[in-house]
Every structure is written in structure tokens, then in C-alpha cells.
Amino acid sequence: MDKKYLKNGQFSEFIETLRLFGDLHGPTMSDTGVFAFSPVSDPSQLRLDYQRTQIPPKKYLLPFREEILSYREGNYRQSHHHTPEIILFGVHPCDLDGIAYLDRVFLGDSPDPCYAGRRARLTLVGLSCVPDDFCFCSGLAEPPTCDLFLTLQGDGFKVDALSARGKEIAQAAKDLLSLEATGATVPLQRTGITAQDPQLRFSDNPLWDKFATTCVSCGACSVCCPTCYCFDVREYPSLDGGGIRLREWDNCLFVTHGEVAGANFRGSRLERLRYRFLHKYCGFTPLQGMTSCVGCGRCKEVCPVDIDLRELTVNPDQGTESP
Amino acid sequence: MTRPKLAIAGLTACSGCQLTLLNCEDQLVDVARLFDLVYFPMGESGSDPDAVFDAAIVEGAVSTPADVELLFGLRNASHLLVAFGTCALWGGVAAMNNKVSGRDELVRQVYGDSGRIESFPPSPMGNFVSIDFAITGCPPEKHDLLALLAAVLAGTLPPLQSYPVCTECRSRENLCLLLEKGELCLGPIIQGGCNARCPATGIVCEGCRGPVREANVAQELELLLERGFDRKEIERRMSRFTPEWDYGKRR
Ligand code: SF4
Ligand code: SF4
Ligand code: SF4
């Protein structure tokens with residue numbers, strides 16, 4: 001049998017062991033009281049009690065703004081970012097699902113080189129959680145999509161190595177692990193949200209109009225969403241005659257998102273909401289029929305006007321979920 | 001290559017926008033080499049009234065007959081006219097009391113009874129002439145000005161950004177002052193691009209960059225009223241940099 005239990009007493013040393021594999025990042029609280037994944041210099045900075053960070057781990061793979069190309073004298077060159085090896089500790093199941101979704105998008109048919117470079121240097125250490133009122137994930141994927149997963153258990157953790165990298169880390173930490181279980185795991189109630197019928201976005205639910213009227217287009221929901229990956233691409237010449245092309249997070253709720261020369265694919269906010277709903281709960285090519293919402297609860301928590309798109313899946317007459 | 005001819009000018013304003021150019025210390029030598037600064041009174045280069053320009057970059061609101069004359073002159077003499085800064089684009093701080101006080105009274109307070117100055121309520125230059133490009137901000141960001149200059153050099157205009165302060169604010173993992181502290185933050189309806197400088201230091205967005213294109217003004221008003229702010233106070237804050245709001249606008 002594998003030694004796979006970590007007692008609380010060994011936790012700090014375990015964290016120090018992780019550090020041997022790269023720069024350690026994990027959930028911390030900022031000076032102003034915001035939970036954020038950030039560099040960890042001392043294990044005591046880690047906030048294992050965090051519920052969700054404001055910005056999901058996607059920032060490690062797809063930064064808010066990055067240069068993707070530079071050009072000079074008519075020649076384009078792909079930008080190379082030096083990314084260190086990062087061990088991201090304490091990622092909850094919803095955010096692991098979020099990364100798995102982004103992987104499908106960015107590492108699919110034609111892999112995105114910027115994303116792929118960062119992903120290859122990111123080691124994920126998952127951590128089990130206790131859902132709050134905002135959460136509605138579908139539970140831990142089987143097998144969990146990370147290198148190592150820690151399940152809170154009594155006075156310690158159960159440690160599962162799930163990749164070659166994870167096994168390497170478990171091996172390096174073997175003296176800290178024991179055979180003996182640290183306690184029982186609390187089984188968790190998970191609700192999840194299943195893929196919806198794309199036609200539902202044209203339902204006559206009065207909430208559509210209400211949301212389209214009240215949304216202030218602040219962009220918070222999509223900035224904070226672990227699976228929102230839409231970006232804007234802009235090119236800036238520079239004084240030296242060259243220039244750069246950058247990409248920056250965008251939001252399908254912005255009027256500019258569907259704008260092309262002379263027209264807008266989704267000119268009204270209502271159309272944009274329907275589009276967001278379609279992407280989150282119905283999925284579209286090539287991920288049709290797949291919900292991209294992992295149930296982290298961030299969008300509802302950060303929305304200044306309390307919009308919860310999930311309410312649109314409930315038939316207002318019956319108060320039940322549509323099939 | 002011919003150096004593009006520039007005019008850098010100011011109407012009624014504090015000169016802070018023009019100062020943004022002088023503050024680009026690292027690029028000034030290049031700017032002087034690459035452009036012909038034909039008209040830049042504040043920087044003490046010439047002020048030839050008959051010159052023609054590739055671009056006129058103009059700060060300030062229009063508030064005196066002399067402003068109108070200078071503005072018309074630059075519009076006629078320049079291929080591109082750029083509204084430079086919040087006053088030029090929205091009216092700015094000089095216009096914040098346009099609705100509440102009479103002009104004559106203000107002139108008397110500032111210049112005394114004997115003061116003879118012709119002045120009318122400051123308004124954005126777009127009310128008088130057509131504008132080809134605008135850089136917002138009080139003061140504008142250096143990088144926006146440099147992007148414009150580089151684009152002019154390349155024979156184009158910079159790409160536009162159009163999202164509110166909240167987008168950058170949340171991306172920087174700031175504490176939301178509106179939601180978490182119940183403060184009167186204008187972030188949702190104000191044009192971003194400042195990297196949420198104020199909320200990042202714990203100060204609410206005062207709206208110095210003017211409205212974002214898609215501002216849901218009516219809803220911002222409603223959500224602030226719901227949080228207990230007084231309508232007068234909200235309007236006073238909103239008009240600090242932008243006197244004219246359509247409080248019923250939703251899209
Ligand atoms: S749509 Fe909302 S709940 Fe779903 S993953 Fe995105 S932020 Fe989380
Ligand atoms: S957070 Fe709410 S108000 Fe802001 S863009 Fe999203 S749905 Fe609209
Ligand atoms: S602090 Fe202000 S700018 Fe920042 S997210 Fe909140 S409302 Fe928007």
C-alpha cells in the first residue's frame with residue numbers, strides 16, 4: 001500500500017518540499033483582504049480556508065494583457081515569455097475543471113504557443129474544499145485533472161499523486177507521508193449544472209429583459225470567470241518604426257466584442273447576454289453540448305447588480321429546472 | 001522621410017495635458033527628432049499662424065472667443081485634430097458647475113468687478129468642430145499619447161480600447177470599494193485604461209476619464225441610490241469631470 005497520508009504536523013515541511021520543484025504560489029490574502037493566488041515565501045501565508053480567489057488561476061496561463069508578436073521592417077516575430085516553473089498549490093476542484101476546459105481550448109487543434117509554454121511549466125496541486133452558498137460545482141473530476149491532490153481529512157490530508165510529476169513530488173516527500181489515515185473524509189453535496197438546450201436562450205423568461213436592463217457591462221463576471229478566455233487583439237506601432245501586437249481579456253457583454261467594420265453581430269445587450277448564456281451553459285463548437293461553467297460562484301459574487309444567469313434555466317411558471 | 005508637422009496647443013485648461021508630453025522624458029529626444037514641432041507655445045517652439053499640420057493635439061475646453069478662434073484655426077490648418085484630455089473631450093473640471101452657477105457671477109468672483117473677460121460656460125471641443133481622434137484622461141496617460149504619436153508616424157491611428165475601470169480593477173485583484181465597502185465608486189461607467197490607479201490605492205473612481213461608451217448610467221444611478229447615496233451627491237460626483245450626463249441612458 002502507498003504511503004499517502006500527510007499529518008498537519010508535517011505540512012510545513014511538505015510545502016518546503018514542493019518548493020524544490022519550482023516557484024511556489026498558493027491562495028493568500030492581500031493587504032486589502034482579497035483572496036488571491038500569489039507567491040508564497042512562508043507556509044504561514046497560505047490560507048487553506050479560502051473559499052475562492054477573486055481572479056482564478058487562468059491568470060497563470062493567460063495573463064490579463066500580454067505581448068504576442070512584435071514586428072520590425074515588415075517581419076513579425078512571435079514573442080517569447082520566460083516563464084519559470086510554477087507549483088500552484090491549493091487549487092479547488094472547480095478551478096481544476098476550469099484549467100481542464102482552457103486546456104481543451106488552447107491546446108486543442110492548433111495549440112496556442114504562449115499558453116502552451118506556460119502550461120508546460122505549471123504544476124497543479126489540488127485541494128478539497130467545503131462549498132458555500134455561491135458554489136455549485138459538480139464535484140471532483142475522476143480522475144482529478146492535476147498532478148497532486150490533497151483531500152482534507154481529520155487532522156491532515158490524503159495525498160494522491162496523479163501524474164508523473166505528482167509521483168516525483170510524492171517520492172521526494174515520502175518521509176513526510178505515512179500509511180495511516182488521518183481521519184475520515186467528509187462527503188460533499190454537489191449540485192452542478194448540466195448542459196442546457198441552446199434554444200433556452202430564446203425563452204420568454206422575463207428575466208432576460210431584466211438582466212439586459214440592469215447589467216452595467218462592468219466586465220467583472222467575465223474577468224473573474226475561470227473559463228472566460230475571450231480576448232481582444234490590438235497592434236501598436238512604436239516610435240522606433242517597429243511595433244507590437246498584444247492581447248487582452250475581453251468580455252462578450254461589451255458592445256465592442258461583436259463589432260466588425262460597419263456592423264455588430266450582437267448589437268443589443270440582450271443579444272450579448274444570450275450569447276454568454278449559450279457559451280456558459282450550452283457550449284459551442286467544438287465543445288458543443290458541454291457546459292463551460294464550472295460552478296465556482298465567482299460571477300454571482302462579483303456582480304454589482306446580482307445577476308445570476310443560472311436563474312434563466314428555471315422555468316418561471318413552474319419554478320423547476322427545464323429539461 | 002518627412003517629419004510629420006505637429007501643433008500642440010491648449011484652450012481653457014491647466015496645461016497638465018501638454019505637460020504629459022514634456023513628462024515623456026525617455027522619448028522626448030525621439031519625438032523632437034521624428035516630428036516637426038511647428039506650433040507648441042507652451043514648449044516655446046514657434047507659433048507661426050500660417051503653418052499647416054499633420055496633427056493638432058489640443059487640450060482644454062472651449063470657454064472664450066479666443067479659444068474658438070484658435071480651435072477653428074487649428075481645425076482648418078490640420079489634417080488630424082486630436083482632442084487631448086478630459087476637458088477637450090467632455091468639458092472637464094472647469095465645466096463641473098455649468099449647471100449650478102451663472103457665468104457672470106463666476107467671472108466677478110474670480111476677476112473682480114473691474115475684470116473684463118469674455119467667457120462662456122466651458123464645453124467640449126466636439127461641440128464646435130469635428131474631431132478625428134481623442135485621448136481621454138485628467139491628465140492623459142503617457143502611453144496613450146506615445147501610441148498616438150507612433151501611429152501618426154506610421155500613417156494610422158491607434159486601436160481603441162473600450163471597457164470600464166472595473167475591468168482593469170478586478171483584473172488587478174483590488175478590493176471592490178463599491179461592493180465590499182459601500183463607497184460611491186463610478187468605476188462601472190467610466191472609461192478604463194488607467195489601470196484602475198485610484199481603486200488600487202483604496203480611493204474610489206472619481207470619473208476623471210469620462211464615460212465609457214456603453215455606460216449604463218441609469219443603472220449606476222439606481223445601484224448607488226439603493227446603497228443609500230443621495231441623488232444630489234451622486235450627480236455632483238458624476239459631473240466633476242463630465243458635466244453632461246444622460247441619466248436615463250442604459251446602452
Ligand atoms: S460562469 Fe460564473 S460560476 Fe460559472 S465558472 Fe464562470 S464565474 Fe464560475
Ligand atoms: S458582473 Fe454583472 S453587471 Fe457586470 S458585466 Fe457581468 S452581469 Fe453585467
Ligand atoms: S472598486 Fe470601483 S472600479 Fe473597482 S471593481 Fe469596484 S466599482 Fe469597479
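Parameters at a glance
- Residues numbered from 1 in each chain as written.
- Chains lettered and ligands numbered in written order.
- Predicted model: local features only at pLDDT ≥ 70, side-chain atom pairs only at ≥ 80, totals over all residues.
- Heavy atoms only, no water.
- Near = heavy atom within 4 Å.
- Nonpolar A, V, L, I, M, F, W, Y, C, P; charged D, E, K, R; others polar.
- Phe/Tyr/Trp six-rings, centres within 6.5 Å; stacked < 30°, edge-to-face > 60°.
- Buried < 20%, exposed > 50% of the residue type's maximum accessible area, 1.4 Å probe, protein only.
- 1 Å grid on protein atoms, 1.4 Å probe; cavity = no way out; pocket = protein on both sides within 12 Å on 5 of 7 lines; lining within 4 Å.
- Sits in = over half its atoms within 2 Å of the grid points.
- Helix = DSSP H or I, 4+ residues; strand = E, 2+ residues; numbered from the N terminus.
- Points joined across faces, edges and corners; volume = space filled by probe spheres on them.
- Pairing = 2+ DSSP bridges.
- Axes fitted to C-alpha atoms, helices over the stretch in contact; angles between N-to-C directions.
- Parallel < 35°, antiparallel > 145°, perpendicular 65-115°, else oblique.
- Left-handed = near helix turned anticlockwise from the far one by under 90°.
- Contact = heavy atoms within 4.5 Å.
- Buried area = accessible area lost by both parts, 1.4 Å probe.
- Salt bridge = Lys/Arg side-chain N within 4 Å of Asp/Glu carboxyl O.
- Polar contact = N/O pair within 3.5 Å; in protein donor to acceptor, adjacent residues only side chain to side chain.
- Core = buried A, V, L, I, M, F, W, Y, C linked by side-chain atoms within 4.5 Å.

### Regarding the site of ligand 2
So, point 1. Around ligand 2 lies a shell formed by Cys215, Val216, Ser217, Cys218, Gly219, Ala220, Cys221, Leu253, Cys303, Pro304, Val305 and Ile307 of chain A.
So, point 2. Classifying every residue of the shell around ligand 2 by side-chain character gives 10 nonpolar, two polar and no charged.

### A few points about the packing of aromatic side chains
Residue and element names in this part refer to chain A.
So, point 1. For the structure shown, the criterion picks out 13 aromatic pairs over all chains.
So, point 2. Centre to centre, the rings of Phe106 and Tyr115 are 4.8 Å apart; their planes meet at 10 degrees, and the pair counts as stacked.
So, point 3. Classification of Phe106 as buried rests on a relative accessible area of 4%.
So, point 4. Its relative accessible area of 0% is what places Tyr115 among the buried residues.

### As for the site of ligand 3
All names here are of chain B.
So, point 1. Contacts to ligand 3 come from Val165, Cys166, Cys169, Cys176, Leu177, Leu178, Cys185, Gly187, Pro188 and Pro199.
So, point 2. With respect to the detected pockets, ligand 3 is housed in the second largest cavity.
So, point 3. Ranked by residues supplied to the shell around ligand 3, first place goes to helix 7 (residues 165–171) with three residues.
So, point 4. Of the residues contributing to the shell around ligand 3, the split by class is nine nonpolar, one polar and no charged.

### Some points on the environment of Ile117 of chain B
Residues and elements named next belong to chain B.
So, point 1. Following the sequence through the fold, Ile117 ends up in the loop between helix 5 (103–111) and strand 5 (133–135).
So, point 2. Looking at Ile117, the relative accessible area reads 34%, which means it is partly exposed.
So, point 3. The sequence separation of Ile117 and Val107 amounts to 10 residues, and the corresponding C-alpha distance is 7.4 Å.

### Structural notes on the layout of surface pockets
So, point 1. A volume near 870 Å³ is recorded for the largest pocket.
So, point 2. Lining the largest pocket are 38 residues, with Leu160, Gln161, Ser162, Gln191 and Arg213 of chain B sitting closest to its centre.
So, point 3. For the lining of the largest pocket, the secondary structure elements donating two or more residues are strand 11 (231–237) of chain A together with helix 4 (86–90), strand 5 and helix 6 (142–153) of chain B.
So, point 4. In terms of residue count, the dominant contributor to the lining of the largest pocket is strand 11 of chain A (four residues).

### Thoughts on the pairing of strand 4 (residues 78–84) of chain B
Residues and elements named next belong to chain B.
So, point 1. Burial within strand 4 is extensive, with six of its seven residues counted as buried.
So, point 2. As judged from the five bridges shared by strand 3 (residues 53–59) and strand 4, these two strands associate in the parallel manner. Pairing of Ala56 across the sheet is with Leu81, part of strand 4.

### Examining the packing of helix 5 (residues 207–214) of chain A against helix 7 (residues 269–282) of chain A
Between two packed helices, what matters for the description is the angle formed by their axes and the separation of those axes.
Residues and elements named next belong to chain A.
So, point 1. Two elements in contact, helix 5 and helix 7, have axes separated by 9 Å at closest approach and are oriented at 110 degrees. On the basis of the axis angle, helix 5 is roughly perpendicular to helix 7. Taken as a pair, helix 5 and helix 7 cross one another with a handedness that is right-handed. On the side of helix 5, the interface is formed by Trp208, Asp209, Phe211, Ala212 and Thr213, while helix 7 contributes Arg269, Leu270, Leu273, Arg274 and Phe277.
So, point 2. Tallied by class, the residues present in the contact of helix 5 with helix 7 amount to six nonpolar, one polar and three charged.

### Some remarks on the interface of chain A and chain B
So, point 1. Residue-level contacts link 43 residues of chain A with 40 residues of chain B.
So, point 2. Carbon and sulfur atoms supply 58% of the area that chain A and chain B bury against each other, a total of about 3,100 Å² over both sides.
So, point 3. It is Val216, Pro237 and Leu239 of chain A in chain A that bury the most area against chain B; as a group they hold 21% of the surface buried on that side.
So, point 4. For the pair chain A and chain B, the interface holds five salt bridges.
So, point 5. Salt-bridge contacts for Glu173 of chain B lead to Lys59 of chain A; the nearest nitrogen and oxygen are separated by 2.7 Å.
So, point 6. The interface formed by chain A and chain B contains 14 residue pairs in polar contact (both at pLDDT 80 or more).
So, point 7. For the side of chain A that touches chain B, the secondary-structure elements that each account for two or more residues are strand 3 (35–39), helix 5, helix 6 (220–223), strand 11, strand 12 (243–249), helix 7 and helix 8 (298–302) of chain A.
So, point 8. Looking at side-chain class alone, the side of chain A that touches chain B contains 23 nonpolar, 11 polar and nine charged residues.

### Focus: the pattern of salt bridges
So, point 1. All chains considered together, the criterion is met by 36 salt bridges over all chains.
So, point 2. For the salt bridge of Arg269 of chain A with Glu214 of chain B, the shortest nitrogen-to-oxygen distance reads 3.7 Å. One end of the pair, Arg269 of chain A, is in helix 7; the other, Glu214 of chain B, is in the loop between helix 8 (197–200) and helix 9 (217–226), on a second chain.
So, point 3. For Arg269 of chain A, a relative accessible area of 7% translates into the label buried.
So, point 4. On the basis of relative accessibility, which here comes to 8%, the residue Glu214 of chain B falls in the buried class.
So, point 5. Note that Arg272 of chain A and Glu214 of chain B form a salt bridge whose closest N and O atoms lie 2.5 Å from each other. Here Glu214 of chain B lies in the loop between helix 8 and helix 9 and Arg272 of chain A lies in helix 7, a pairing that spans two chains.

### Quick notes on the sheet that holds strand 2 (residues 36–39) of chain B
All names here are of chain B.
So, point 1. Ordered by their spatial adjacency, five strands build an open sheet running 2-1-3-4-5, and the pairing between neighbours is parallel. Each having just a single partner strand, strand 2 and strand 5 make up the two edges of the open sheet. Within this sheet the neighbouring strands show an average axis-to-axis angle of 30 degrees, counted without direction.

### Observations concerning the sheet that holds strand 7 (residues 122–127) of chain A
All names here are of chain A.
So, point 1. Spatially, eight strands are ordered 3-2-6-7-8-9-1-10 in an open sheet, and the strand pairing comes out mixed. Looking along the sheet, the strands with just one partner apiece sit at the ends: strand 3 and strand 10 (177–178).
So, point 2. Sheet topology places strand 2 (residues 23–29) next to strand 3; five bridges connect them, and they run antiparallel. Residue Pro27 lies in a different strand from strand 3, and its bridge partner there is Phe37.

### A short note on empty space enclosed by the protein
So, point 1. With the rule as written, the count across this model stands at six cavities of 30 Å³ or more.
So, point 2. The computed volume of the largest cavity comes to approximately 300 Å³.
So, point 3. What lines the largest cavity is a set of 29 residues, among which Cys221, Arg276, Cys299, Ile307 and Leu309 of chain A lie closest to the centre.
So, point 4. Secondary-structure elements contributing two or more residues to the lining of the largest cavity are helix 7 and helix 8 of chain A.
So, point 5. For the lining of the largest cavity, a count of residues per class yields 19 nonpolar, six polar and four charged.
So, point 6. In terms of lining, the second largest cavity is formed by 15 residues, of which the most central are Cys166, Cys169, Arg170, Cys176 and Leu178 of chain B.
So, point 7. The element best represented in the lining of the second largest cavity is helix 7 of chain B, accounting for three residues.

### Describing the nonpolar core
So, point 1. Core analysis: the largest hydrophobic core is formed by 79 residues, its most contacted members being Leu124 of chain A together with Met238 of chain B.
So, point 2. Counting 24 residues, the second-largest nonpolar core is a separate cluster that includes Cys24, Ile57, Leu146 and Leu148 of chain B.

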